[in-house]
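Structural overview
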Amino acid sequence: MSTRILIIGACGQIGSELTFKLREIYGDDNVVASDISYNNLEVVNSGIFEIIDAMDYASVKVCVEKYNIDTVYLMAAMLSATGEKYPMKAWDLNTSSLFHVLNLAKSKFIKKVFWPSSIAVFGPSTPKKETPQYTTMEPTTVYGITKQVGERWCEYYNQKYGVDVRGIRYPGIISWKTLPGGGTTDYAVEIYHEAVKNKAYECFLSEDTALPMLFMDDAIKATVDIMTADNDDIKIRSSYNLAGITFTPKEIAASIQKYIPDFKITYKPDFRQEIADSWPQSIDDTTARKDWNWKHDFDLDAITKEMLMQLGEKYNI
Ligand code: SER
(Lines give C-alpha, C1' and ligand atoms only; values in the text may rest on other atoms or scores of the structure.)
Protein backbone atom coordinates (compact mmCIF):
# COMPACT_ATOMS: atom_id res chain seq x y z
CA MET A 1 0.00 0.00 0.00
CA SER A 2 1.36 3.41 -0.90
CA THR A 3 2.08 6.12 1.63
CA ARG A 4 -0.44 8.97 1.59
CA ILE A 5 0.99 12.09 3.15
CA LEU A 6 -0.44 15.34 4.51
CA ILE A 7 1.90 18.23 5.30
CA ILE A 8 0.40 20.85 7.59
CA GLY A 9 2.25 24.17 7.38
CA ALA A 10 3.53 23.42 3.88
CA CYS A 11 4.11 27.07 2.97
CA GLY A 12 6.70 27.66 5.69
CA GLN A 13 10.47 27.51 5.60
CA ILE A 14 10.83 23.77 6.27
CA GLY A 15 7.33 22.68 5.16
CA SER A 16 7.86 24.00 1.64
CA GLU A 17 11.08 22.13 0.98
CA LEU A 18 9.73 19.04 2.68
CA THR A 19 6.74 19.15 0.32
CA PHE A 20 9.00 19.25 -2.75
CA LYS A 21 11.15 16.40 -1.43
CA LEU A 22 8.24 14.16 -0.43
CA ARG A 23 6.57 14.73 -3.81
CA GLU A 24 9.79 13.63 -5.46
CA ILE A 25 9.92 10.47 -3.34
CA TYR A 26 6.25 9.45 -3.11
CA GLY A 27 4.77 11.09 -6.22
CA ASP A 28 2.69 14.27 -6.52
CA ASP A 29 -0.64 12.47 -6.10
CA ASN A 30 0.38 10.95 -2.77
CA VAL A 31 1.41 14.19 -1.07
CA VAL A 32 -1.15 16.77 0.00
CA ALA A 33 0.24 20.17 0.99
CA SER A 34 -1.78 22.41 3.29
CA ASP A 35 -1.51 25.71 5.09
CA ILE A 36 -3.67 28.42 6.61
CA SER A 37 -3.37 30.58 3.46
CA TYR A 38 -2.00 30.60 -0.08
CA ASN A 39 1.16 32.41 0.93
CA ASN A 40 3.69 30.37 -1.04
CA LEU A 41 2.60 30.05 -4.66
CA GLU A 42 5.43 27.71 -5.58
CA VAL A 43 4.02 25.21 -3.07
CA VAL A 44 0.37 25.92 -3.90
CA ASN A 45 0.99 25.32 -7.61
CA SER A 46 3.22 22.29 -7.17
CA GLY A 47 0.43 19.73 -6.61
CA ILE A 48 -2.60 19.06 -4.41
CA PHE A 49 -3.05 21.93 -1.95
CA GLU A 50 -5.72 22.46 0.71
CA ILE A 51 -6.43 25.30 3.11
CA ILE A 52 -6.34 23.89 6.64
CA ASP A 53 -6.50 25.59 10.00
CA ALA A 54 -4.25 23.39 12.13
CA MET A 55 -6.13 24.54 15.24
CA ASP A 56 -9.41 23.19 13.92
CA TYR A 57 -9.70 19.42 14.45
CA ALA A 58 -12.55 19.07 11.94
CA SER A 59 -10.63 20.80 9.19
CA VAL A 60 -7.65 18.45 9.63
CA LYS A 61 -9.85 15.36 9.90
CA VAL A 62 -11.88 16.19 6.78
CA CYS A 63 -8.68 16.47 4.76
CA VAL A 64 -7.26 13.24 6.20
CA GLU A 65 -10.44 11.38 5.23
CA LYS A 66 -10.83 13.04 1.84
CA TYR A 67 -7.36 11.94 0.71
CA ASN A 68 -7.07 8.72 2.69
CA ILE A 69 -4.01 10.07 4.49
CA ASP A 70 -1.90 7.73 6.62
CA THR A 71 1.06 9.97 7.52
CA VAL A 72 1.02 13.57 8.76
CA TYR A 73 3.96 15.97 9.00
CA LEU A 74 2.88 18.76 11.35
CA MET A 75 5.11 21.70 10.40
CA ALA A 76 2.83 24.57 11.47
CA ALA A 77 4.08 26.44 14.54
CA MET A 78 4.71 29.87 15.94
CA LEU A 79 8.46 30.27 16.52
CA SER A 80 10.42 31.72 19.42
CA ALA A 81 10.54 35.46 18.73
CA THR A 82 6.91 35.80 17.56
CA GLY A 83 5.84 33.55 20.41
CA GLU A 84 7.18 36.07 22.93
CA LYS A 85 4.96 38.73 21.36
CA TYR A 86 1.84 36.54 21.30
CA PRO A 87 2.28 34.02 24.14
CA MET A 88 -1.26 32.69 24.26
CA LYS A 89 -1.54 32.39 20.50
CA ALA A 90 1.75 30.50 20.39
CA TRP A 91 0.56 28.18 23.14
CA ASP A 92 -2.80 27.57 21.45
CA LEU A 93 -1.42 26.96 17.97
CA ASN A 94 1.56 24.82 18.95
CA THR A 95 -0.27 22.59 21.40
CA SER A 96 -3.77 22.28 19.90
CA SER A 97 -2.42 21.35 16.46
CA LEU A 98 -0.32 18.60 18.03
CA PHE A 99 -3.24 17.19 20.00
CA HIS A 100 -5.40 17.10 16.88
CA VAL A 101 -2.85 15.07 14.98
CA LEU A 102 -2.00 12.78 17.90
CA ASN A 103 -5.71 12.15 18.49
CA LEU A 104 -6.24 11.29 14.81
CA ALA A 105 -3.46 8.73 15.20
CA LYS A 106 -4.87 7.42 18.48
CA SER A 107 -8.26 6.95 16.77
CA LYS A 108 -6.49 5.14 13.89
CA PHE A 109 -7.42 7.65 11.19
CA ILE A 110 -3.69 7.94 10.50
CA LYS A 111 -0.74 5.66 11.20
CA LYS A 112 2.32 7.85 11.52
CA VAL A 113 3.16 11.36 12.70
CA PHE A 114 6.20 13.61 12.31
CA TRP A 115 6.35 16.45 14.80
CA PRO A 116 9.35 18.77 15.01
CA SER A 117 10.74 19.82 18.34
CA SER A 118 13.56 22.33 18.75
CA ILE A 119 16.71 23.30 20.63
CA ALA A 120 14.32 25.75 22.32
CA VAL A 121 13.28 22.94 24.71
CA PHE A 122 16.50 23.72 26.57
CA GLY A 123 16.99 26.66 28.90
CA PRO A 124 19.57 28.63 30.89
CA SER A 125 20.10 25.77 33.37
CA THR A 126 20.92 23.28 30.58
CA PRO A 127 24.63 22.51 29.94
CA LYS A 128 25.50 24.80 27.01
CA LYS A 129 28.14 22.76 25.22
CA GLU A 130 27.49 19.36 23.64
CA THR A 131 24.07 19.39 25.29
CA PRO A 132 23.11 15.76 25.97
CA GLN A 133 19.90 14.05 24.88
CA TYR A 134 18.75 13.72 28.49
CA THR A 135 19.50 16.73 30.67
CA THR A 136 17.94 19.59 32.59
CA MET A 137 15.26 21.26 30.49
CA GLU A 138 13.81 24.50 31.80
CA PRO A 139 12.85 26.50 28.69
CA THR A 140 12.19 30.20 29.25
CA THR A 141 10.35 30.97 26.00
CA VAL A 142 6.72 30.19 25.28
CA TYR A 143 7.84 28.42 22.12
CA GLY A 144 10.27 26.28 24.13
CA ILE A 145 7.58 25.46 26.68
CA THR A 146 5.20 24.32 23.92
CA LYS A 147 7.92 22.15 22.42
CA GLN A 148 8.84 20.62 25.74
CA VAL A 149 5.28 19.69 26.68
CA GLY A 150 4.75 18.52 23.11
CA GLU A 151 7.62 16.10 23.52
CA ARG A 152 6.10 14.72 26.71
CA TRP A 153 2.75 14.21 24.96
CA CYS A 154 4.37 12.49 21.99
CA GLU A 155 6.04 10.02 24.30
CA TYR A 156 2.81 9.58 26.25
CA TYR A 157 0.75 8.84 23.12
CA ASN A 158 3.40 6.38 21.97
CA GLN A 159 3.54 4.53 25.27
CA LYS A 160 -0.14 4.56 26.18
CA TYR A 161 -1.76 4.32 22.76
CA GLY A 162 0.97 2.91 20.53
CA VAL A 163 1.04 6.01 18.29
CA ASP A 164 3.98 5.95 15.87
CA VAL A 165 5.22 9.50 16.38
CA ARG A 166 8.74 10.62 15.52
CA GLY A 167 10.51 13.90 16.14
CA ILE A 168 13.71 15.86 15.88
CA ARG A 169 14.92 18.80 17.93
CA TYR A 170 15.79 21.03 14.98
CA PRO A 171 18.54 23.57 15.46
CA GLY A 172 18.46 26.82 13.42
CA ILE A 173 17.78 25.92 9.78
CA ILE A 174 19.53 27.76 6.95
CA SER A 175 17.91 27.81 3.53
CA TRP A 176 17.37 30.01 0.47
CA LYS A 177 13.99 28.97 -1.02
CA THR A 178 11.53 30.18 1.62
CA LEU A 179 12.30 32.78 4.28
CA PRO A 180 11.92 31.73 7.91
CA GLY A 181 9.59 33.81 10.05
CA GLY A 182 9.69 34.80 13.67
CA GLY A 183 12.66 32.76 14.89
CA THR A 184 15.79 33.69 16.80
CA THR A 185 18.11 31.77 14.49
CA ASP A 186 16.67 33.63 11.45
CA TYR A 187 19.67 36.00 11.42
CA ALA A 188 21.71 33.21 9.82
CA VAL A 189 19.39 33.31 6.80
CA GLU A 190 18.82 37.10 6.64
CA ILE A 191 22.56 37.70 6.65
CA TYR A 192 22.98 35.91 3.30
CA HIS A 193 20.13 37.83 1.68
CA GLU A 194 21.58 41.15 2.84
CA ALA A 195 25.12 40.13 1.88
CA VAL A 196 23.99 39.43 -1.68
CA LYS A 197 21.74 42.50 -1.98
CA ASN A 198 23.60 45.16 0.04
CA LYS A 199 26.96 43.74 1.18
CA ALA A 200 26.01 44.76 4.71
CA TYR A 201 23.98 43.34 7.59
CA GLU A 202 22.96 44.63 11.00
CA CYS A 203 22.77 41.59 13.25
CA PHE A 204 20.24 41.36 16.07
CA LEU A 205 22.53 39.04 18.06
CA SER A 206 25.97 39.90 19.45
CA GLU A 207 29.09 38.77 17.60
CA ASP A 208 29.99 35.85 19.87
CA THR A 209 26.55 34.26 20.20
CA ALA A 210 27.14 30.61 19.25
CA LEU A 211 24.06 28.60 18.21
CA PRO A 212 23.57 25.13 16.70
CA MET A 213 22.62 25.28 13.01
CA LEU A 214 21.86 23.00 10.10
CA PHE A 215 21.56 23.44 6.33
CA MET A 216 18.10 22.73 4.90
CA ASP A 217 19.27 19.79 2.77
CA ASP A 218 20.54 18.13 5.93
CA ALA A 219 17.33 18.94 7.83
CA ILE A 220 15.21 17.39 5.08
CA LYS A 221 17.46 14.34 4.91
CA ALA A 222 17.12 13.88 8.68
CA THR A 223 13.33 14.20 8.47
CA VAL A 224 13.01 11.68 5.65
CA ASP A 225 15.49 9.31 7.33
CA ILE A 226 13.78 9.24 10.70
CA MET A 227 10.39 8.72 9.05
CA THR A 228 11.59 5.84 6.88
CA ALA A 229 13.64 4.14 9.62
CA ASP A 230 12.40 0.83 11.02
CA ASN A 231 9.90 1.32 13.81
CA ASP A 232 12.10 -0.68 16.19
CA ASP A 233 15.08 1.61 15.56
CA ILE A 234 13.22 4.66 16.85
CA LYS A 235 13.91 4.28 20.53
CA ILE A 236 13.11 7.85 21.53
CA ARG A 237 9.55 9.04 21.01
CA SER A 238 9.82 12.47 22.61
CA SER A 239 12.35 13.90 20.14
CA TYR A 240 15.95 13.32 19.09
CA ASN A 241 18.82 15.77 19.57
CA LEU A 242 20.16 16.66 16.14
CA ALA A 243 23.33 18.56 15.33
CA GLY A 244 25.08 19.84 12.30
CA ILE A 245 27.35 22.76 12.96
CA THR A 246 27.75 25.62 15.41
CA PHE A 247 28.88 29.14 14.63
CA THR A 248 28.67 32.74 15.82
CA PRO A 249 27.60 35.82 13.81
CA LYS A 250 31.28 36.79 13.62
CA GLU A 251 32.17 33.41 12.12
CA ILE A 252 29.38 33.43 9.53
CA ALA A 253 30.43 36.96 8.54
CA ALA A 254 34.02 35.76 8.08
CA SER A 255 32.78 32.88 5.94
CA ILE A 256 30.81 35.33 3.74
CA GLN A 257 33.85 37.62 3.46
CA LYS A 258 35.75 34.79 1.78
CA TYR A 259 33.39 35.29 -1.18
CA ILE A 260 32.36 38.94 -0.71
CA PRO A 261 35.48 40.60 0.79
CA ASP A 262 33.82 44.00 1.34
CA PHE A 263 30.82 42.54 3.23
CA LYS A 264 30.28 44.46 6.48
CA ILE A 265 28.50 43.30 9.63
CA THR A 266 27.38 45.50 12.53
CA TYR A 267 25.70 44.40 15.75
CA LYS A 268 22.58 45.71 17.43
CA PRO A 269 21.30 43.02 19.82
CA ASP A 270 17.57 43.20 20.62
CA PHE A 271 15.15 41.08 22.71
CA ARG A 272 16.18 37.99 20.77
CA GLN A 273 19.62 38.07 22.41
CA GLU A 274 18.14 36.85 25.69
CA ILE A 275 16.41 33.99 23.88
CA ALA A 276 19.65 32.97 22.13
CA ASP A 277 21.56 33.17 25.41
CA SER A 278 19.14 30.70 26.98
CA TRP A 279 19.80 28.03 24.32
CA PRO A 280 22.66 25.53 23.88
CA GLN A 281 25.72 26.44 21.84
CA SER A 282 26.26 22.92 20.56
CA ILE A 283 24.37 19.64 20.68
CA ASP A 284 25.38 16.04 21.32
CA ASP A 285 23.41 13.94 18.84
CA THR A 286 25.13 10.59 19.37
CA THR A 287 21.80 8.82 19.86
CA ALA A 288 20.36 9.90 16.49
CA ARG A 289 23.64 8.89 14.84
CA LYS A 290 23.45 5.48 16.52
CA ASP A 291 19.71 4.71 16.28
CA TRP A 292 18.99 5.75 12.68
CA ASN A 293 22.41 6.58 11.22
CA TRP A 294 22.08 10.36 11.19
CA LYS A 295 25.00 12.23 9.63
CA HIS A 296 25.18 15.82 8.39
CA ASP A 297 26.94 16.82 5.16
CA PHE A 298 27.17 20.63 5.09
CA ASP A 299 29.76 22.62 7.04
CA LEU A 300 29.72 26.43 7.29
CA ASP A 301 31.75 27.17 4.17
CA ALA A 302 29.74 24.70 2.09
CA ILE A 303 26.55 26.42 3.29
CA THR A 304 27.93 29.88 2.49
CA LYS A 305 28.95 28.83 -0.99
CA GLU A 306 25.55 27.34 -1.77
CA MET A 307 23.57 30.21 -0.20
CA LEU A 308 25.49 32.92 -2.06
CA MET A 309 25.23 31.07 -5.34
CA GLN A 310 21.48 30.40 -5.06
CA LEU A 311 20.61 33.87 -3.77
CA GLY A 312 22.82 35.49 -6.41
CA GLU A 313 20.67 33.74 -9.04
CA LYS A 314 17.44 34.57 -7.23
CA TYR A 315 18.23 38.29 -7.05
CA ASN A 316 19.90 38.20 -10.46
CA ILE A 317 23.16 39.63 -9.14
N1 SER B 1 14.60 28.29 14.66
C2 SER B 1 13.79 28.33 15.84
C3 SER B 1 13.70 29.70 16.40
O4 SER B 1 14.66 30.42 16.27
C5 SER B 1 14.34 27.40 16.88
O6 SER B 1 13.81 26.14 16.71
O7 SER B 1 12.73 30.03 16.99
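A few points on the structure. Predicted model, so just to flag it, every value in this text is computed and none were measured.

Criteria and thresholds
Residues numbered from 1 in each chain as written. Predicted model: local features only at pLDDT ≥ 70, side-chain atom pairs only at ≥ 80, totals over all residues. Heavy atoms only, no water. Disulfide = S-S within 2.5 Å. Helix = DSSP H or I, 4+ residues; strand = E, 2+ residues; numbered from the N terminus. Expected span 1.5 Å × (residues − 1). Buried < 20%, exposed > 50% of the residue type's maximum accessible area, 1.4 Å probe, protein only. Contact = heavy atoms within 4.5 Å. Pairing = 2+ DSSP bridges. Axes fitted to C-alpha atoms, helices over the stretch in contact; angles between N-to-C directions.

1. Examining the state of the cysteines
By the definition in use, this model includes zero disulfides. Here C11 is not disulfide-linked; the sulfur of C63 is the nearest cysteine sulfur, at 13 Å.

2. So, helix α12 (residues 300-314)
Along its 15 residues, α12 runs 21 Å from first to last C-alpha, staying within 8% of the 21 Å computed at 1.5 Å per residue. Listed in full, the buried residues belonging to α12 are L300, I303, T304, M307, L308, Q310, L311 and G312. Buried residues belonging to α12 abut β9 (172-174), α7 (187-198), β11 (211-215), β13 (245-247) and α9 (249-257). Following α12 by one or two positions, N316 has its phi on the positive side, about 60°.

3. So, the environment of W176
Looking at where W176 falls in the secondary structure, it is placed in the loop between β9 and α7. Put simply, W176 and V101 are 75 residues apart on the chain and 29 Å apart in space, counted from C-alpha to C-alpha.

4. A short note on the sheet that holds β11
Spatial ordering of the open sheet is given by β9-β11-β13, a layout of three strands whose pairing is mixed. Looking at which strands have only one partner, the edges of the open sheet turn out to be β9 and β13. When the angles between neighbouring strand axes are averaged without regard to direction, this sheet yields 45°. Its contacts with the sheet place α7 against β9, β11 and β13, and it is angled at close to 25° to β9.

Spatial relationships are all this shows, so hold off on functional conclusions.
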